[in-house]
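# Coordinate inspection notes
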Amino acid sequence: MSPEVIIVGGGITGLSAARLLSRKGVTFILLESASEIGGRVQSELYDGYSLDKGFQILNTGYPEWENQQINIHALSLQSFASGAKIFQDGKVHTLADPFRDGLIAFQAFFSKSVSVKDMLLVLKLRFLLKRQEIVRIFAMENQSTLHFLQQFGFSTPFIEAFFKPFYSGIFLESELRTPASMFAFVFKAFAEGTAALPQKGMQQLVRLLSSEINDENILTHSKVTQVQSGMVTLSDGTTLTAPNIWITTGTRPFQGVQRKEWQDNHSTSVLYFSADIAPKWGRFIGLNAAKTGLINHFCMPSSVQPSYCPEGKHLLSVSLKPQWEYIEGMEQKVVDELIAMNAIQHPVSFLKAVTVKGALPNLVSMRYEPELIKLHDGVLATGDFAAYPSLNAALHAGRLLVETL
Ligand SMILES: Cc1cc2nc3c(=O)[nH]c(=O)nc-3n(C[C@H](O)[C@H](O)[C@H](O)COP(=O)(O)OP(=O)(O)OC[C@H]3O[C@@H](n4cnc5c(N)ncnc54)[C@H](O)[C@@H]3O)c2cc1C
């Protein structure tokens, strides 16, 4: 019997749709080309360390957790400290959220990059965005994040020392060309929630979503090569039919899915190190305020979630600036940079580097409500590329697909 829906792609978009279809009792089959579901959200167990596939966090402020009744508390979340540690000229300065961390925020004034005016502007932006509806954020004038920050009045040293490394790590591009609506959305979500990690790595989110889906509805190793109205063809020639076919294949362009707003993809490289002694900045995200060097930002996932590594060990994650991709031997230069920055005082051992190609779609304009792109009668395509690059957009896209039935 053919199902009512075929979902092509088992990333967060496809899983969000599949979970909601399961709840509604609609028959479906999800086809995933890889050996595992999860798409871009993956974690690997390496020598007892849990390594997320690229630096990823779960932002508890996203509205889709609540919209879809996803019980993220089941992930035993723990959060990074709010704000960041700014590493500049061998010194470290704390930039914290004064609403959460009280006086710590004022340490930032000792940094040459943070003026009183910049701190007050952060508070003003936080106040304005917390009150702003997300739909209105995405309706704002299409301008780059950099332009928006300059217009808002932030000083160049503050943009260089804080906004550039912090948001480069999220946008995966270093010039802050990403539309300001994405910046404002993420800033608002951080103001309303925290940057958290699940106890067992980011992939635990995939397991949480799939726990409500019957195993027999998911077929891995099933690459779809052709789609037409009512029918998909797999790479081994098998055909499957359904009146509704939803393409959620992410940043890998699929037959006619590429949009003009989506020019290419951003990639990222992360290097993982093991340490016997954790640095003092532990739960903070560390930012390299210098324009030069390989490192963009770094953190200790194990200071947030000790289960990321074997007992008695610590896990250090270092993300390269977006223009760099890891090549063999680069790890020594990265360690030298960490020492020069004063970010580490004790030896670390290199575990592994992870490069994610096609990590995020490079979009020149964004929209809040993901577009459902009609490819043929009954065939729709969507995902983060049809809105803005985020787990929230992927989840939202899956929900909108189900609402079409
Ligand atoms: C390194 C990195 C860091 C990130 N950090 C964050 C973060 O901190 N916060 C945040 O909100 N978002 C983050 N994101 C973005 C977020 O992970 C994505 O927006 C989201 O996972 C996209 O899900 P998706 O299902 O739309 O696409 P994908 O995850 O790309 O899923 C598409 C799926 O389709 C499958 N597929 C492709 N072609 C075929 C085919 N022909 N047949 C069958 N299956 C196919 C793929 O194998 C894949 O499983 C990050 C992404 C990366 C890579």
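The text that follows walks through the structure, step by step, so that each part is easy to find. (Residues numbered from 1 in each chain as written. Predicted model: local features only at pLDDT ≥ 70, side-chain atom pairs only at ≥ 80, totals over all residues. Heavy atoms only, no water.)

Moving on, we get to the packing of aromatic side chains. This model, assessed by the stated rule, comprises 29 aromatic pairs. Grouping aromatic residues by their ring pairs yields a cluster made of Phe148, Phe152, Phe154, Phe158, Phe162, Phe163, Phe166, Tyr167, Phe171, Phe183, Phe187 and Phe190. Here lysine 85 stacks its cationic end above the ring of phenylalanine 284, 4.8 Å away from the centre of that ring. Above the plane of the ring of phenylalanine 152 lies lysine 124, whose end atom (NZ or CZ) is 5.3 Å from the centre. (Phe/Tyr/Trp six-rings, centres within 6.5 Å; stacked < 30°, edge-to-face > 60°. Lys NZ or Arg CZ within 6 Å of the ring centre and 35° of its normal.)

In the contact formed by helix α8 (residues 156–171) and helix α9 (residues 180–192), the axes pass within 12 Å of each other and the chain directions differ by 100 degrees. When the interaxial angle is binned, α8 and α9 end up roughly perpendicular. Mapping the contact onto sequence places Phe163, Phe166, Tyr167, Ile170 and Phe171 in α8 and Met182, Phe183, Val186, Phe187 and Phe190 in α9. Of the residues in the contact of α8 with α9, the class split is 10 nonpolar, no polar and no charged. (Axes fitted to C-alpha atoms, helices over the stretch in contact; angles between N-to-C directions. Helix = DSSP H or I, 4+ residues; strand = E, 2+ residues; numbered from the N terminus. Parallel < 35°, antiparallel > 145°, perpendicular 65-115°, else oblique. Contact = heavy atoms within 4.5 Å. Nonpolar A, V, L, I, M, F, W, Y, C, P; charged D, E, K, R; others polar.)

This part covers the sheet that holds strand β5 (residues 58–59). For sheets, the rule is that strands pair by backbone hydrogen bonds, running either parallel or antiparallel. Ordered in space as β5-β9-β6, the 3 strands form an open sheet in which the pairing is antiparallel. The open sheet has two edge strands, β5 and β6 (78–79), and neither has a second partner. Here β5 pairs with strand β9 (residues 195–197) via 2 bridges, running antiparallel. If you follow leucine 58 over to β9, its bridge partner there is alanine 196. (Pairing = 2+ DSSP bridges.)

Ranked by size, the top nonpolar core spans 95 residues in total, and within it Phe154, Phe163 and Tyr167 carry the most contacts. It is α9 that contributes the most residues to this core, 9 residues altogether. Residues from two domains meet in this core; each of domain 1 (5–40 + 202–261 + 365–403) and domain 2 (58–66 + 74–198 + 264–362) gives at least three. If near-sequence neighbours (up to four positions away) are discounted, phenylalanine 163 is found in contact with Leu149, Phe154, Phe158, Ser168, Leu176, Phe183 and Phe187. Of all hydrophobic cores here, the second largest spans 22 residues; its members include Ile295, Phe298, Met300 and Val348. (Core = buried A, V, L, I, M, F, W, Y, C linked by side-chain atoms within 4.5 Å. Buried < 20%, exposed > 50% of the residue type's maximum accessible area, 1.4 Å probe, protein only. Domains from an automatic or database assignment.)

Okay, the pattern of salt bridges next. Opposite charge on two side chains allows them to pair when their charged atoms are near. Counted under the stated rule, the structure contains 12 salt bridges. One salt bridge connects lysine 357 with glutamate 325, and the closest N-O pair in it is separated by 3.0 Å. Highlighted residues: lysine 357 in strand β19 (residues 348–363) and glutamate 325 in the loop between β18 (314–320) and α12 (330–341), separated in sequence by 32 residues. For lysine 357, a relative accessible area of 57% translates into the label exposed. On the basis of relative accessible area, glutamate 325 is assigned to the partly exposed category, the value being 40%. If you follow the salt bridges from partner to partner, you end up with Arg19, Arg23 and Glu212 in one network. (Salt bridge = Lys/Arg side-chain N within 4 Å of Asp/Glu carboxyl O.)

Inspection of the region around the ligand gives 35 residues, with Thr13, Glu32, Arg40, Tyr62 and Asp384 positioned closest. Contacts to the ligand include isoleucine 12, whose backbone N or O atom sits 2.9 Å from an oxygen atom. Glycine 39 is positioned with one of its backbone polar atoms (N or O) 3.4 Å from an oxygen atom of the ligand. For the ligand, whose accessible area on its own is 1000 Å², the fraction buried by protein is 94%. Counting residues per element, the ones that place at least two in the shell around the ligand are α1 (12–24), β19 and α13 (391–403). Ranked by residue count, the leading element in the shell around the ligand is β19, at 3 residues. (Near = heavy atom within 4 Å. Polar contact = N/O pair within 3.5 Å; in protein donor to acceptor, adjacent residues only side chain to side chain. Areas by Shrake-Rupley, 256 points an atom, 1.4 Å probe, with all protein chains shown as cover.)

Another aspect to go through is the pairing of strand β11 (residues 224–228). With 4 bridges connecting them, β11 and strand β12 (residues 231–234) associate as antiparallel partners. Considered in β12, the bridge of valine 227 is made with valine 232. The turn joining β11 and β12, which pair antiparallel and follow one another in sequence, is formed by 2 residues; a positive phi near 80 degrees is taken by glycine 230.

None of the figures reported here should be taken as evidence of function without further support.
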